[in-house]
Amino acid sequence: MESDLLTSPLHDRHTALGASMGAFGGWSMPLSYPDGTVAEHTAVRTAVGVFDVSHLGKLSIAGPGAAAFVDRCFSADMGRIEPGQAQYNLVCTDTGGVVDDVIVYLVDADDVLVLPNAANAAEVARLLRAEAPAGVEVLDRHRDLAVLAVQGPRSPELVGDLLGPLNGRNVVEALGYMAFTVADDVWVCRTGYTGERGYELIVPAARAGEVWDALLAGAQRVGGRPAGLAARDTLRTEMGYPLHGQELTTAISPLQAGSSWAVGWSKPAFWGREALLAEKQAGPARRLRGLRATGRGVPRAGMDVLSGGKRVGVTTSGTFSPTLRTGIALALIDSDAGVGVDDQVVVDVRGRELACTVVKPPFVPSHVR
């Protein structure tokens, strides 16, 4: 029921803007605004979009050796980052599946902030608490903090205008990719989920409205606009970025999903290590590929992929690409099917064959760096 959903601190602002709201991970969040998803998508690719992603979880892990503890749990090698940097990471099962993908903010050796997906935040917290050593506390800050994403080529000036006056220096210019800083209780990290230059801002819930209003005013001055989760999905699909629950699940491993780069293979310990090493040695039974439609039609998730009349895989995500003006999809393809990049396949779209070319994502160039 709608009344059972959690709401962002910006909920009233979204409804005042005429946003179409929808359930997402137990939260009522804006899916799109009156001008539509394509307009929002295009604004991010050409100017800037401002997203409310406050449904993301926020877990503070603090205490002696907190960072080393998290490193023993999650997949990526945190020894490769320094305080003030963030890292994409995976929370794996003992069998090599994925409970969630998260962003880890390394404050220092005793202080880490983890952002899981909304639907998985409680489970990630439970798993961490079950193994936390004495003195390390896992604190749920889900309702205390809001998260805003500013994405697009004009994002540096928006975030710079917001933060510059707060600390007397240009915060934005100093930030490298996946680096973060804290300016007047606003966390700013140069990251995002769109493939464009962008930033995610973590702010106290009480300040979310003030920061949103400032960013939205700046966006509108440069041809930008608010953007909802529907545009976030089309943008991330064009980049081939995984969405947990679709490309990553407890039944889909990082190796299958093309996310093995987020695994610290030489680390002595992390959840799922033995299973993933065994799968790596044997080779994954299926691999994630991109599909670009050459015929008229739009593939969606859960559709069979055929080659030579034989089922060789299934789509995990599918959408109309506003940038390419054609249908695109991500699909798990059987490794022994002999299907590779540039090969032709067919997607069964409700009984109609849609011709597609196998491609290596991203579907459009990345501008994150």
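Residues numbered from 1 in each chain as written. Predicted model: local features only at pLDDT ≥ 70, side-chain atom pairs only at ≥ 80, totals over all residues. Heavy atoms only, no water.

## A word on the overall build of the chain
Logical step 1: When helices and strands are counted, the chain shows 9 helices and 20 strands.
Logical step 2: Against the 2.2 N^0.38 benchmark of 21 Å for 369 residues, the chain shows a C-alpha radius of gyration of 21 Å, consistent with a compact globule.
Logical step 3: Its C-alpha atoms put the chain at 60 × 50 × 40 Å along the principal axes.
Logical step 4: Buried residues in the chain amount to 56% of all 369 residues.
Logical step 5: Considering only intrachain contacts with a sequence separation of at least 6, the fraction spanning at least 24 residues in the chain is 66%. (Helix = DSSP H or I, 4+ residues; strand = E, 2+ residues; numbered from the N terminus. Rg over C-alpha atoms; globule rule 2.2 N^0.38 Å. Buried < 20%, exposed > 50% of the residue type's maximum accessible area, 1.4 Å probe, protein only. Contact = heavy atoms within 4.5 Å.)

## Topic: the pattern of salt bridges
Logical step 1: Here the structure, examined in full by the defined rule, presents 13 salt bridges.
Logical step 2: Close ionic contact of glutamate 238 with arginine 45 constitutes a salt bridge, the shortest N to O distance being 2.9 Å. One end of the pair, glutamate 238, is in helix H8 (residues 229-239); the other, arginine 45, is in helix H2 (residues 37-46), with 193 residues separating them in the sequence. Neither residue differs from the other here; glutamate 238 and arginine 45 are each classed as buried.
Logical step 3: The partner of arginine 311 in a salt bridge is aspartate 304, and the shortest N-O contact between them spans 2.9 Å.
Logical step 4: With a relative accessible area of 30%, aspartate 304 lands in the partly exposed category. (Salt bridge = Lys/Arg side-chain N within 4 Å of Asp/Glu carboxyl O.)

## A short note on the packing of aromatic side chains
Logical step 1: Evaluated as defined, the whole model comprises 6 aromatic pairs.
Logical step 2: For the ring pair tyrosine 88 and tryptophan 261, a centre distance of 5.3 Å and an interplane angle of 25° mean the geometry is stacked. With tyrosine 88 in strand S6 (residues 85-92) and tryptophan 261 in the loop between H8 and helix H9 (273-282), this pair connects stretches of sequence that are 173 residues apart.
Logical step 3: For tryptophan 261, a relative accessible area of 60% puts it in the exposed group.
Logical step 4: Among the aromatic residues, ring-to-ring pairing joins Tyr105, Phe180 and Trp187 into one connected group. (Phe/Tyr/Trp six-rings, centres within 6.5 Å; stacked < 30°, edge-to-face > 60°.)

## Notes on a positive patch on the surface
Logical step 1: Together, Arg296, Arg300, Arg350 and Arg352 line one region of the surface with positive charge.
Logical step 2: Note on placement: arginine 352 falls in strand S20 (residues 352-359). (Patch = residues over 30% accessible without salt bridge, like charges linked within 9 Å, V, L, I, M, F, W, Y side chains within 5 Å. Areas by Shrake-Rupley, 256 points an atom, 1.4 Å probe, with all protein chains shown as cover. Lys, Arg positive; Asp, Glu negative; His and termini not counted. Charge placed at Lys NZ, Arg CZ, Asp CG, Glu CD.)

## Examining the side chain of threonine 191
Logical step 1: Here threonine 191 lies in the loop between strand S12 (186-189) and strand S13 (198-204).
Logical step 2: Once residues lying within four places of it in the same chain are set aside, the contact partners of threonine 191 are Gln151, Tyr177, Met178, Gly198, Tyr199 and Glu200.

## Section: unusual backbone geometry
Logical step 1: Residue proline 361 is joined to proline 362 through a cis peptide bond whose omega torsion reads 10°.
Logical step 2: Position of proline 362 relative to the elements: it lies in the segment after S20.
Logical step 3: Residue methionine 178 is not a glycine yet carries a positive backbone phi of 65°.
Logical step 4: Positionally, methionine 178 belongs in the loop between helix H6 (171-174) and strand S11 (180-183).
Logical step 5: According to the relative accessible area criterion, methionine 178 is buried, its value standing at 12%.

## Notes on the sheet that holds S13
Logical step 1: As summarised here, the arrangement of the 6 strands in space is S11-S12-S13-S10-S4-S14, forming an open sheet in which the pairing is mixed. For this open sheet the edge positions go to S11 and strand S14 (225-227), each flanked by a neighbour on one side alone. Recorded for the sheet is a direction-independent mean angle of 25° between the axes of neighbouring strands. (Pairing = 2+ DSSP bridges. Axes fitted to C-alpha atoms, helices over the stretch in contact; angles between N-to-C directions.)

## Some details on the environment of threonine 46
Logical step 1: As for its placement among the helices and strands, threonine 46 is situated in helix H2.
Logical step 2: Separated by 107 residues in the primary sequence, threonine 46 and proline 153 place their C-alpha atoms 6.5 Å from one another.

## Brief notes about the sheet that holds S6
Logical step 1: Pairing is antiparallel across the open sheet formed by 5 strands, whose spatial order is S6-S7-S8-S5-S9. The outermost strands of the open sheet, each flanked by one partner alone, are S6 and strand S9 (137-140). If you compare each strand with its neighbour and ignore which way they point, the axes differ by 25° on average.
Logical step 2: With 4 bridges connecting them, strand S5 (residues 59-62) and strand S8 (residues 111-115) associate as antiparallel partners. Within the sheet, the bridge partner assigned to serine 60 lies in S8 and is leucine 113.

## Some words on the nonpolar core
Logical step 1: Counting residues in hydrophobic clusters, the biggest one holds 42 residues, and the most contacted among them are Phe51, Val53, Leu90, Tyr105, Leu115 and Ile202.
Logical step 2: Only strand S3 (27-32), S6, strand S7 (98-108), S8, strand S10 (145-151), S12, H8 and strand S18 (326-334) provide two or more residues apiece to this core.
Logical step 3: The greatest single-element share of this core, amounting to 4 residues, is contributed by S6.
Logical step 4: Val159, Val186, Leu216 and Val222 belong to the second-largest nonpolar core, a separate cluster that totals 28 residues. (Core = buried A, V, L, I, M, F, W, Y, C linked by side-chain atoms within 4.5 Å.)

## Digging into the side chain of glutamine 256
Logical step 1: With respect to the helices, strands and loops of the structure, glutamine 256 is situated in the loop between H8 and H9.
Logical step 2: On the basis of relative accessible area, glutamine 256 is assigned to the buried category, the value being 11%.
Logical step 3: Each residue touching glutamine 256, except ones within four places of it in the same chain, is listed here: Ala251, Glu279, Pro284, Arg286, Arg287, Leu288 and Leu332.

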